[in-house]
Amino acid sequence: MRMPLIAGNWKMNGSLALVDEFGQRCANVDMPPSVEVVVLPPAPYLAAAQAAFEKTALQVGAQTLNPEPGGAYTGEVSAAMLAEFGVGYVLVGHSERRSLYHEDDEAVSARARAALDAGLSPILCVGETLEERDAGDSEAVVLSQVKAVFDTLDARQRERMVIAYEPVWAIGTGRTATPEQAQAVHAAIRACLVDYDKGLATVLRLLYGGSMKRENAAELLAQPDIDGGLIGGASLKVDDFLAICQSAG
Ligand code: PGA
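All of these numbers come straight from a predicted model, not from anything done at the bench. (Residues numbered from 1 in each chain as written. Predicted model: local features only at pLDDT ≥ 70, side-chain atom pairs only at ≥ 80, totals over all residues. Heavy atoms only, no water.)

S.K.: Give me helix α7 (residues 138-150): which residues, what numbers.
M.R.: With 13 residues, α7 ought to run about 18 Å at 1.5 Å a step, and its terminal C-alpha atoms sit 18 Å apart, in line with that. When α7 is considered as a whole, its buried residues turn out to be Ser138, Val141, Val142, Leu143, Gln145, Val146, Val149 and Phe150. (Helix = DSSP H or I, 4+ residues; strand = E, 2+ residues; numbered from the N terminus. Expected span 1.5 Å × (residues − 1). Buried < 20%, exposed > 50% of the residue type's maximum accessible area, 1.4 Å probe, protein only.)

S.K.: Break down the packing of helix α1 (residues 16-27) against helix α12 (residues 238-247) for me, citing the residues and quoting the values.
M.R.: The contact between α1 and α12 brings their axes to 11 Å, and the two run at 45 degrees. Considering the angle they form, α1 stands oblique to α12. Every pair of crossing elements has a handedness; the one defined by α1 and α12 is right-handed. When α1 is examined against α12, the residues Glu21, Phe22, Arg25 and Cys26 are found in contact with a partner set consisting of Val238, Asp239, Phe241 and Leu242. (Axes fitted to C-alpha atoms, helices over the stretch in contact; angles between N-to-C directions. Parallel < 35°, antiparallel > 145°, perpendicular 65-115°, else oblique. Left-handed = near helix turned anticlockwise from the far one by under 90°. Contact = heavy atoms within 4.5 Å.)

S.K.: Requested: an account of the pattern of salt bridges, with residues and values cited.
M.R.: Taken as a whole and assessed by the stated rule, the structure comprises 11 salt bridges. In this structure, Arg2 engages Asp227 in a salt bridge whose closest nitrogen and oxygen atoms are separated by 2.9 Å. Of this pair, Arg2 sits in the segment before β1 (5-9) while Asp227 sits in the loop between α11 (217-221) and β8 (228-231); the two residues are 225 residues apart in sequence, bridging distant segments of the chain. For the salt bridge of Arg205 with Glu36, the shortest nitrogen-to-oxygen distance reads 2.7 Å. One end of the pair, Arg205, is in strand β7 (residues 205-209); the other, Glu36, is in strand β2 (residues 36-40), with 169 residues separating them in the sequence. Just as Arg205 is buried, Glu36 falls in that class too. Overlapping salt bridges bring together Arg2, Arg190, Asp225 and Asp227 as one network. (Salt bridge = Lys/Arg side-chain N within 4 Å of Asp/Glu carboxyl O.)

S.K.: Any details on the site of the ligand? Residues and values, ideally.
M.R.: Taken together, 13 residues form the shell around the ligand, and within it Lys11, His94, Glu166, Gly172 and Ser211 come nearest. Note that an oxygen atom of the ligand is positioned 3.5 Å from one of the side-chain N or O atoms of Asn9. Between Gly233 and the ligand, the recorded distance is 2.9 Å, taken from a backbone N or O atom to an oxygen atom. In isolation the ligand exposes 280 Å². Once the protein is present, 95% of that is buried. (Near = heavy atom within 4 Å. Polar contact = N/O pair within 3.5 Å; in protein donor to acceptor, adjacent residues only side chain to side chain. Areas by Shrake-Rupley, 256 points an atom, 1.4 Å probe, with all protein chains shown as cover.)

S.K.: Got a sec to walk through the side chain of His94? Specific residues and values, please.
M.R.: Mapped onto the secondary structure, His94 falls in the loop between β4 (89-92) and α4 (95-100). By relative accessible area, which is 4% here, His94 ends up buried. Ignoring sequence-local partners within four residues, the contact set of His94 consists of Asn9, Lys11, Cys125, Glu166 and Ile171.

S.K.: Any chance you could break down the sheet that holds β1 for me, citing the residues and the numbers?
M.R.: Pairing in this closed barrel of 8 strands is parallel, and the strands run β1-β2-β3-β4-β5-β6-β7-β8 around the ring. Along the sheet, successive strands turn relative to each other by an average axial angle of 25 degrees, direction set aside. Bridging between β4 and strand β5 (residues 121-126) involves 4 bridges; their strand directions are parallel. The residue of β5 that forms the bridge with Val92 is Leu124. Helix-sheet contacts for α7 involve β5 and β6 (162-165), and the interaxial angle to β5 is about 150 degrees. Running at roughly 150 degrees to β7, helix α9 (residues 179-196) makes contact with β5, β6 and β7 of the sheet. (Pairing = 2+ DSSP bridges.)

Rendered as structure tokens:
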């Protein structure tokens, strides 16, 4: 049985006040015990979030990392630094990192391996553009992004991965994939994982992301191969985020 994972990607949003609001509100809320919940604030808030979430079921995650262990990389954050702040999950390959910061499959793989080496679980984001979907290439694009990373990992590393399918055309657009569209791609990813190992395909969690909100979360999460969500905009409002967590339980 795969435990659902709900991850809130704040992107470059939020504040100390929002960190505190989440900490206070979530301390008084009964989260479904069968759901893992992670909030990914911007890096400067990691320490504050770790403290504010102490009495809650929320875990702290990170949005990106640099694959190098340390050195002259101005502005960057290493995997070991994230581990020091109790970060359990880190996004790699988010479409905004791929498009705005030119992180290609090789760069994404390097980040995944650095995270794994430091004891973190990478959440590998994959997804096609609208042009690629219209050309009928959704599955080919997504599977090649998965394989580009999974081919560089060993069996034990693969088991610690999470994959988030985020169609680029659905991110921040208000346009969500239908449950059927999302399920079809998730099923294709799971079938691809069988080629690595049957057990891996059974245990690995596949999240959906792209305009997931309280109104559509339940029907997406009800799909057999959707094991959670990566939430952007709706993760900035504590009520909306909590409602999505409840619908995963
Ligand atoms: P969205 O973002 O929920 O605002 O579409 C999702 C993401 O980019 O992870």
